Structure formats: structure tokens, C-alpha cells
Amino acid sequence: LNLLDLDAIAKHSSFIRRKTQSFSALSIILALFKCLQKGDASFNLLAGEMRLLNLKSLCRGAIYKRLNQTAVDFLQEVIRQLIASQKLPKFKQKVTQRFNRILVEDSTIIPMGAINAANFPACGNQTGVTAGFKLDLFFDALTNTVVHQSFGSARESDKKLGEHLLSDVAKGDLVLRDMGYFGCAALNLIAEKEAFWISRLPSSINVFTSNGEPLEKKLRSRKNHFIDEVVTLGNDGATKVRLVGIRADDALAAQRRRSRKTVAQKFGNSPKYQSLVRDGWHLILTNLDQDVTAKELFEIYSIRWSVEIRFKAWKQSLNMKPTLKRYTNYHHLCCIALAALIQQLVVNHIFMLAVVSVKRALSYEKVSEVISQQLG
């Protein structure tokens, strides 16, 4: 954070108009970090942490007045500049040398107390309203640099949040996305930019083989254990892509089908036939040609799971759930969430510096935990 001129950012956003001994741009960020670590970001505790970081103290009412829209603007600008300031070396494996960047995108939901549903509504359930915010993250897996991150209501779909990425995609990039972002229009746009993509196949998308038959007919054949061919998506036949499939082992296929039936029964439904058939396969779609083998495709797509490790480390290193459980105003909630995103960027930056320094593999989760403890 010291690499950035936080005072200049605060002044430009009108968050801090003049320096005082009781309040600074760095101290409010550090105070939020400490409160996130403790699981309590109340105005009382924030005032207490600020008192330890500055020469003079502020009361809780003064903190309350300062955490307004200008505070949100300030923290968002800090995030933007932290992302832009990442200058880390590229590490390319043989399988990835053909791409300029490998852009991995995924999202995760952080639950809040149901009392905050008016500001951050989540999907409802049978017991009442719920609240939470969704973090959408995409980063370049070749350099481990964050390209963009945003947050919004947990009700926002991945497709909507994923629109940010489409404007950043450039020629020679490879985009790895999960099924929640799937959409033919978005995939076609990536291809039009002379970029590439790999995605898992959603069970809701109808797929037809080259002879016009449903994909499920081919998947049911016990003779087939591997598929690599061009297929058509949707009923209009307008989108043709490459499909690669490997039959799953019987135990995994049975587990998938049990889970699908259990979920469907909770809502009084029955699972779709094509979903049950596809549960017996590992299926991915791509616009990459046959020069990239099926084995390489699955190796590349496995990179996407690194984002799951990031989310897990982020959630475990901060006590966000109790922090966001209490009722408070919209701007206060935004500041807490944005501070958590800043903490993630700081951890990521230090992690990469550590990897370069020791020149060996490190556990992202352990490094994240240690850094968070130091920040707290």
C-alpha cells in the first residue's frame, strides 16, 4: 500500500480534504483490515483501532460520518491502482506458450445477516429473505495478476458480472470460464476478437452432433469412452464449436447423479434426462483447433481451479461472515467489502514476490493466513 500515494487518491476522491492527526488514508484501510480479522467492524471498534494508529482519536460518530460515498469512491480507486501497479514476471509452461494471457474468471458469494437484505439481497429460501454480496474475480494465470474484480448483490448473475471481462479480452488471450458465465453471444464475441476460450458444458444447453442427432445418443453408447468432434449448440444451429469428452468412472458418475436427484427432490422436481446422461462424462467446449490435444485442453482448464484456492484462502484468512452479519448502512457495508478486496490484492502481491524470492512452490492458503495475521 505504501507504493501508492494514498493521500493523493483520498484528496482526488474528496474523501480527505486536509491532513489531520486523527485520520489518514492509510489508517482507515489498516483499521478495516484489523476489524475484518477480528470479525467486528462496528463504528466503535473502528474508532478504537484508529486511536491506535493515529496521534489523536476520533469518536464513533466521526467515523460514521466519514464512511460515506466518498469513502467508497476512495477504496474503489485504491483497488484500481493496486491492480494497475502489478508488474510481475511471466511464467509460461510449454502448453501455454501460444497464449498472451490466460484469463480465469469465477465468482463467490459472501453471506451477510438477513437484516441487510434491503441493501444486498440474495436469493430467497423457504425460511425467509437472505442477504449477501458476490465477488467476481478474473486474473491472468500466467502472471498471477488480477485483471478485474468487482462486487455486487448476491442476486446478480455471473453472466451480468462477467460482462466486464469481454471488454478486456484481446487478440491471443485464452478465457477459462465456468458454466455460470456460459452464453453463445459472449463466446462468439471472444472469438471475433481473435481470442480463445474453454468452458464446461452446461446441462441446459442442447447439443447436436454432426449428423444432427442429440449428443446424449452418442454419450449413451457403451462403445464410446472418448469424443473429440465439432458439434452444434442450440436448436438454431448457428454456433458450431469443438466438444471434447472423456467418460467418467462409474463411482463418480453415480455420485453426480445422486447429488442431482437430491437437489431436484428438494424443489419437488425430477432431474432432466440429458443432465443425468452428461453426469457420466467430463465435457468441455472450446474454439481451439485440433493442434491443441484433448489432454492439453484438460490440463489448461485445470488452471481454473486456482481461483477456488484463492477464494478459500480469502474466506479463511478473514472473519467476514461475523463482520457482515450486523445491521448497518449501505456505505459501511461497501467499505468493509472493498477493504476485504484490497486485502486480497495485497496478499496476492506479497505471495508472488515471495515465490520469486524463494524460487519454489508455496501454499497460497498458508501465505494468506500468515499475512492476514500480520495485518490484524
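Model, not experiment: these values are computed from the prediction. In this numbering scheme, every chain counts its residues from 1 along its sequence in written order. Note on the predicted model: pLDDT of at least 70 is required for a residue's local features to be given, and 80 or more for side-chain atom pairs to be given and counted; whole-chain, interface and lining totals, by contrast, use all residues. Hydrogens are left out, water is left out, and the side-chain values use all remaining heavy atoms of the structure.

Asks: Looking at this structure, how should I read the packing of aromatic side chains?
Replies: Each aromatic ring pair is summarised here by two numbers: the centre-to-centre distance and the angle between the ring planes. Put simply, two rings from Phe, Tyr or Trp (the six-membered ring, in Trp's case) pair if the centres are within 6.5 Å, and we call them stacked under 30 degrees between planes, edge-to-face over 60, tilted for the rest. With the rule as written, the count across this model stands at five aromatic pairs. Relative to phenylalanine 23, the ring of phenylalanine 15 has its centre 5.6 Å away and its plane inclined at 70 degrees; by these criteria the two rings are edge-to-face. The buried category is assigned to phenylalanine 15, whose relative accessible area is 9%. With centroids separated by 5.3 Å and ring planes inclined at 80 degrees, the aromatic side chains of phenylalanine 43 and tyrosine 64 adopt a geometry described as edge-to-face. Linking phenylalanine 43 in helix α3 (residues 43–53) with tyrosine 64 in helix α4 (residues 60–66), this pair joins segments that are 21 residues apart in sequence. A simple rule labels every residue: compare its accessible area, found with a 1.4 Å probe on the protein chains alone, to the largest value its type can have, and call it buried under 20%, exposed over 50%, or partly exposed in between. Judged by its relative accessible area of 9%, phenylalanine 43 falls in the buried class. Linked through ring pairs, Phe15, Phe23 and Phe74 together constitute an aromatic cluster. Counted as over-ring charges are cases with an Arg CZ or a Lys NZ within 6 Å of the ring centre that also lie within 35 degrees of the ring normal. Over the ring of phenylalanine 23 we find arginine 66; its NZ or CZ atom is 5.1 Å from the centre of that ring. The helix count covers DSSP runs of H or I at least four residues long, the strand count covers runs of E at least two residues long, and both are numbered beginning at the N terminus.

Asks: Help me understand the environment of serine 204 in this model?
Replies: Position of serine 204 among the secondary structure elements: in the loop between β5 (196–200) and β6 (207–208). Given the relative accessible area of 52%, serine 204 is considered exposed. The spacing of serine 204 and glutamate 163 is 41 residues in sequence and 21 Å in space, taken between C-alpha atoms.

Asks: Please explain unusual backbone geometry as it appears in this structure.
Replies: Across the chain, the bulk of peptide bonds are trans and the bulk of non-glycine residues have phi less than zero. Positive phi values are uncommon outside glycine, yet serine 14 reaches one of about 65 degrees. With respect to the helices, strands and loops of the structure, serine 14 is situated in the loop between α1 (6–12) and α2 (25–38). Residue classification places serine 14 among the partly exposed positions, given a relative accessible area of 35%. Look at glutamate 194: it is not a glycine, yet its phi comes out positive at around 60 degrees. One can find glutamate 194 in the loop between α8 (184–192) and β5. Judged by relative accessible area, which is 48%, glutamate 194 ranks as partly exposed.

Asks: Help me understand the packing of helix α15 (residues 330–358) against helix α16 (residues 364–375) in this model?
Replies: Axes are the key here: two packed helices are described by the angle between their axes and the distance separating the axes. In this analysis an axis means a line fitted to C-alpha atoms, helices contributing only their contacting stretch, and an angle means the value between N-to-C directions, from 0 to 180 degrees. Taken N-terminus to C-terminus, the directions of α15 and α16 make an angle of 120 degrees; their axes are 10 Å apart at the nearest point. Comparing the axis directions of α15 and α16 gives the class oblique. When you trace α15 past α16, the crossing you get is right-handed. Between α15 and α16, the residues in contact are Gln343, Gln344, Val347, Asn348, Ile350 and Phe351 and Tyr364, Val367, Ser368, Ile371, Ser372 and Leu375, respectively. Partitioned by chemical class, the residues of the contact of α15 with α16 number seven nonpolar, five polar and no charged. For this classification, under 35 degrees means roughly parallel, over 145 means roughly antiparallel, 65 to 115 means roughly perpendicular, and everything else is oblique. Each crossing gets its handedness from the near helix: less than a right angle anticlockwise from the far helix is left-handed, clockwise is right-handed. Contacts are assigned to residue pairs that have any heavy atoms within 4.5 Å of one another. Classes in brief: Ala, Val, Leu, Ile, Met, Phe, Trp, Tyr, Cys and Pro nonpolar; Asp, Glu, Lys and Arg charged; the others, Gly included, polar.

Asks: Please explain the state of the cysteines as it appears in this structure.
Replies: Linking two cysteines covalently through their sulfur atoms gives a disulfide. Note that a disulfide, as used here, is simply two cysteine sulfur atoms within 2.5 Å. Taken as a whole, this structure holds zero disulfides when the rule is applied. Left unpaired, cysteine 59 is separated from the closest cysteine sulfur, that of cysteine 35, by 16 Å. The closest cysteine sulfur to the non-disulfide-bonded cysteine 335 is located on cysteine 334, 7.0 Å from its own sulfur.

Asks: Is there a simple way to think about the nonpolar core in this case?
Replies: One broad trend across soluble globular proteins is that nonpolar side chains are buried collectively. Of all hydrophobic cores here, the largest spans 86 residues; its most connected members are Phe74 and Phe133. The next biggest cluster of nonpolar side chains, apart from the first, holds 25 residues, and it includes Leu103, Ala186, Val207 and Val231. In this description, a nonpolar core means a group of buried Ala, Val, Leu, Ile, Met, Phe, Trp, Tyr and Cys residues linked to one another through side-chain atoms lying within 4.5 Å.

Asks: Would you mind showing me how to read helix α5 (residues 69–84) here?
Replies: Residue pairs spaced three or four apart in an α-helix point in one direction, given the helix's 3.6 residues per turn. Expected span of a helix: the number of residues minus one, times 1.5 Å. The end-to-end C-alpha distance of α5, which contains 16 residues, comes to 23 Å, matching closely the 22 Å that a straight helix rising 1.5 Å per residue would cover. Along its buried surface, α5 packs onto α1, α2, α4, β3 (145–153) and α15.

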